[in-house]
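Remarks on the overall topology
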Amino acid sequence: MARVYNFSAGPAVLPEDVLKEAAAEMLDYKGCGMSVMEMSHRSPMFAQIIEEAEADLRELMNIPDNYKVLFLQGGASQQFSAIPMNLMKNKVADFIITGQWAKKAYQEASRYGKTNIIASSEDKTFSYIPDCSDLEVSEDADYVYICENNTIYGTKYKTLPNTKGKLLVADLSSCILSEPVNVSDYDVLYFGVQKNVGPAGVVVSIIREDLITDDVLEGTPTMLKWKTQADAKSLYNTPPCYGIYICGKVFKWLKAQGGLEAMKEKNEEKAKILYDFLDQSEMFKGTVVKEDRSMMNVPFITGNDDLDAKFVKESKAAGFENLKGHRTVGGMRASIYNAMPKEGVVKLVEFMKKFEADNK
Ligand SMILES: *Cc1c(COP(=O)(O)O)cnc(C)c1O
């Protein structure tokens, strides 16, 4: 068996220990004679799985008691609709557009109310995060929306926007659990798990309790109403049981790694290895402004499309998978999530050095 170094942006690499444990439990989960995929979501076995997953996530992120944690389906994109449906009381929302995911959320919300773009970095192909310290937040905005880490472009907010008292709603899909966050700085934060946590199909929303009400937009589907899910403890219908089980294992793995402070240190170290190389290379260049660089998604280019293609092809042959940049951006992108070992980044840089020398 040969595992590759998988730099995919998502679905992405998972910790090998977690995969091995899941494999060992596949036929007989803890003596119950069946796999987690085959058991009732109402069984005591599964109740323990989802309750422990929530408890471990709460511990890792230090989630205050007045926030609910919901394990939902439909991916992050489903929340693009759920958010306006649950939060638009005035039918107004402000958006900061820093990439395609923020834009898609904006487009979806625009179907339900008046949406304003109060800042954007589209003028420079989303290669930076706009200054959000003093924006013209709409007086009647129900919330201000951001995508905190821009998976495709490789930028990340280093300070959250000043929302001037309005609610802050944030998509943390590609930076969640990579470092500690202060949950009470947000009113709603959510993440599709397939970037840095688990298998696609699960989205976790962490929502301040008082925002979960019956006062939702008319026509909101029962399933998209947060209150339905909160009242049923994420078991209104059959949840994505197996995905939640793997997420729970990843939470335990993160705790065993020393929690989010320790992950931050490891991630900073990995990112530094790659960015330091890019900064001195004559062939490879990072594509975003230094101050706004993401620790998780690192796009880079040679400036020559043929050379980019050659690099992607040869890197794949050498055991580095999924380094091709997003189809809308081109070039390369290395996603170096929690489960990417430091060794993978070190070896990638060695490979890049050699490629640069060979293709001078
Ligand atoms: C991948 C991604 C999404 C979309 O996730 P789906 O689960 O496919 O809907 C949304 N936001 C961010 C930041 C992402 O990286």
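Residues numbered from 1 in each chain as written. Predicted model: local features only at pLDDT ≥ 70, side-chain atom pairs only at ≥ 80, totals over all residues. Heavy atoms only, no water.

Scanning the chain from terminus to terminus reveals 9 helices and 14 strands. In terms of C-alpha radius of gyration, the chain reaches 21 Å, essentially the compact-globule figure of 21 Å for 360 residues. The burial tally for the chain puts 57% of its 360 residues in the buried class. Considering only intrachain contacts with a sequence separation of at least 6, the fraction spanning at least 24 residues in the chain is 68%. When the accessible surface of the chain is totalled, it reaches about 15900 Å², and 49% of it is carbon and sulfur. Mean positive and mean negative side-chain charge positions of the chain (43 and 51 charges, respectively) differ by 3 Å. (Helix = DSSP H or I, 4+ residues; strand = E, 2+ residues; numbered from the N terminus. Rg over C-alpha atoms; globule rule 2.2 N^0.38 Å. Buried < 20%, exposed > 50% of the residue type's maximum accessible area, 1.4 Å probe, protein only. Contact = heavy atoms within 4.5 Å. Areas by Shrake-Rupley, 256 points an atom, 1.4 Å probe, with all protein chains shown as cover. Lys, Arg positive; Asp, Glu negative; His and termini not counted. Charge placed at Lys NZ, Arg CZ, Asp CG, Glu CD.)

Under the counting rule described, the total for this entry stands at 16 aromatic pairs. Measuring from ring centre to ring centre gives 6.0 Å for Y5 and F320, while their planes differ by 20 degrees; the resulting arrangement is stacked. You can see Y5 sitting in strand 1 (residues 5-6) and its partner F320 sitting in strand 13 (residues 320-321), a full 315 residues away along the chain. Note on accessibility: Y5 and F320 belong to one class, buried. An angle of 80 degrees between the planes, with centres 5.9 Å apart, marks the rings of F284 and F300 as edge-to-face. Taken together, the residues F284 in the loop between helix 7 (259-280) and strand 11 (285-286) and F300 in strand 12 (residues 297-301) connect sequence positions 16 residues apart. The two residues F284 and F300 agree in class, both being buried. Three or more aromatic residues link up through ring pairs in this structure, and these residues are Y5, F7, F277, F284, F300, F311, F320, F351 and F355. One Lys or Arg, K124, reaches over the ring of Y128 and ends 5.8 Å from the middle of that ring. (Phe/Tyr/Trp six-rings, centres within 6.5 Å; stacked < 30°, edge-to-face > 60°. Lys NZ or Arg CZ within 6 Å of the ring centre and 35° of its normal.)

In this section: the site of the ligand. Around the ligand, the surrounding shell consists of G75, A76, S77, F80, W101, C147, N149, T151, D171, S173, Q194 and K195. Between an oxygen atom of the ligand and a side-chain N or O atom of Q194, the distance comes to 2.9 Å. The protein chains hide 87% of the 390 Å² of surface that the ligand would expose on its own. In terms of residues, the shell around the ligand owes the most to one element, helix 3 (residues 75-87), which gives 4 residues. A per-class count over the shell around the ligand returns 4 nonpolar, 6 polar and 2 charged. (Near = heavy atom within 4 Å. Polar contact = N/O pair within 3.5 Å; in protein donor to acceptor, adjacent residues only side chain to side chain. Nonpolar A, V, L, I, M, F, W, Y, C, P; charged D, E, K, R; others polar.)

With that settled, consider the domain arrangement of the chain. When the domains of the chain are assigned, the result is domain 1 (17-256) and domain 2 (259-358). The C-alpha centroid of domain 2 is placed 27 Å from the C-alpha centroid of domain 1. For the pairing of domain 1 and domain 2, the buried interface totals around 2100 Å² over both sides, and the portion due to carbon and sulfur atoms is 55%. Contact with domain 2 buries area across many residues of domain 1, yet I152, S178 and P180 alone supply 22% of it, more than any other trio. Taken together, the links from domain 1 to domain 2 amount to 0 salt bridges. If you list the elements that add at least two residues to the side of domain 1 that touches domain 2, you get helix 2 (44-61), strand 7 (155-156) and helix 6 (241-256). Of the residues forming the side of domain 1 that touches domain 2, the biggest block, 3 residues, is contributed by helix 6. Residue composition of the side of domain 1 that touches domain 2, grouped by class: 12 nonpolar, 9 polar and 5 charged. (Domains from an automatic or database assignment. Buried area = accessible area lost by both parts, 1.4 Å probe. Salt bridge = Lys/Arg side-chain N within 4 Å of Asp/Glu carboxyl O.)

What follows deals with the packing of helix 7 against helix 9 (residues 342-358). The angle between the axes and the distance between the axes are what describe a pair of packed helices. Between helix 7 and helix 9, the shortest axis-to-axis distance is 9 Å and the interhelical angle comes to 10 degrees. In this view, helix 7 runs roughly parallel relative to helix 9, as classed from their interaxial angle. Of helix 9, the residues touching helix 7 (which contributes E269, K270, I273, L274, F277 and L278) are K342, V345, V346, L348, V349, M352, K353 and E356. Residues of the contact of helix 7 with helix 9, tallied by class, amount to 9 nonpolar, no polar and 5 charged. (Axes fitted to C-alpha atoms, helices over the stretch in contact; angles between N-to-C directions. Parallel < 35°, antiparallel > 145°, perpendicular 65-115°, else oblique.)

Here the focus is the sheet that holds strand 14 (residues 332-335). Overall, antiparallel pairing links the 3 strands, which are arranged 11-12-14 in an open sheet. Across the chains shown, the open sheet's two edge strands, defined by having one partner strand only, are strand 11 and strand 14. Where strand 12 and strand 14 come together, 4 bridges link them in antiparallel fashion. Residue pairing across strands places F300 opposite M332, the latter belonging to strand 14. (Pairing = 2+ DSSP bridges.)

Where burial is concerned, most of strand 5 (residues 143-147) is hidden: 5 out of the 5 residues are buried. Burial along strand 5 is two-sided: the face carrying Y143, Y145 and C147 and the face carrying V144 and I146 are both buried. As judged from the 2 bridges shared by strand 3 (residues 92-97) and strand 5, these two strands associate in the parallel manner. Bridge assignment links F95 to a residue of strand 5, and that residue is Y145. Across 5 bridges, the pairing between strand 5 and strand 8 (residues 167-171) is parallel. Bridging across to strand 8, I146 finds its partner in A170.

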